[in-house]
Amino acid sequence: MYTFLEKRNMSGWSPPTIPQKWFIGIGVLYGLLVVYLFITQHITSIIWLGILLGALYLSWRFVAAVEAIADALQRIAYQQEQN
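Residues numbered from 1 in each chain as written. Predicted model: local features only at pLDDT ≥ 70, side-chain atom pairs only at ≥ 80, totals over all residues. Heavy atoms only, no water.

Student: Hey, could you run me through the overall build of the chain in this one?
Tutor: Tallying secondary structure elements over the chain gives three helices and zero strands in all. Going from N to C terminus, the chain has its helices and strands arranged as α-α-α. By residue count, 10% of the 83 residues in the chain fall in the buried class. At a minimum sequence separation of 6, the contacts of the chain that also span at least 24 residues come to 71%. Summing over all exposed atoms, the chain offers an accessible surface of approximately 7000 Å²; the carbon and sulfur share of this is 70%. (Helix = DSSP H or I, 4+ residues; strand = E, 2+ residues; numbered from the N terminus. Buried < 20%, exposed > 50% of the residue type's maximum accessible area, 1.4 Å probe, protein only. Contact = heavy atoms within 4.5 Å. Areas by Shrake-Rupley, 256 points an atom, 1.4 Å probe, with all protein chains shown as cover.)

What follows is the structure, given as structure tokens:
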């Protein structure tokens, strides 16, 4: 009945960590944007940009955690079904 669940690993949908190339690229772009905004004296924009990036990162980590929990629950249900 649940054979489609056996072959699917939900935690593989979202990687648990940011790939290093993405992290470096985002850091470089953020640094360049901060320098530009500092030169143009938009200090509050730097703060809002940091808050936005932080919120996006935390949202992504939340989704990855929910997927890991769902994967664990599916494995538990499958194991109970086998017993």
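So, next bit.
Student: What exactly am I supposed to notice about the UniProt feature "transmembrane region" (unreviewed entry) in the chain here?
Tutor: In the numbering used here, UniProt assigns the feature "transmembrane region" (unreviewed entry) to residues 21-39 and 45-66. Helix makes up 100% of residues 21-39 and strand 0%. Its end C-alpha atoms lie 27 Å apart. (UniProt positions renumbered as here; feature names shortened; annotations may be inferred.)

Student: Even after reading the chapter, I still don't get a nonpolar patch on the surface, so can you show me in this structure?
Tutor: Together, W22, I26, L52, L53 and L56 line one region of the surface with nonpolar side chains, adding up to about 520 Å² of accessible area. Taken together, the elements giving at least two residues each to the nonpolar patch come down to α2 (20-39) and α3 (43-82). In terms of residues, the nonpolar patch owes the most to one element, α3, which gives three residues. For I26, the position within the fold is in helix α2. Overall, the relative accessible area of 45% leaves I26 in the partly exposed class. (Patch = residues over 30% accessible without salt bridge, like charges linked within 9 Å, V, L, I, M, F, W, Y side chains within 5 Å. Salt bridge = Lys/Arg side-chain N within 4 Å of Asp/Glu carboxyl O.)

Student: Before we go on, may I ask you to explain α2 in this structure?
Tutor: Two residues of an α-helix separated by three or four positions point the same way, owing to the 3.6 residues in each turn. Taking 1.5 Å of rise per residue, the 20 residues of α2 would be expected to cover 28 Å, and the 29 Å separating its terminal C-alpha atoms lies within 8% of that figure. Among the residues trailing α2, Q41 stands out with phi positive, at a value near 60 degrees. (Expected span 1.5 Å × (residues − 1).)

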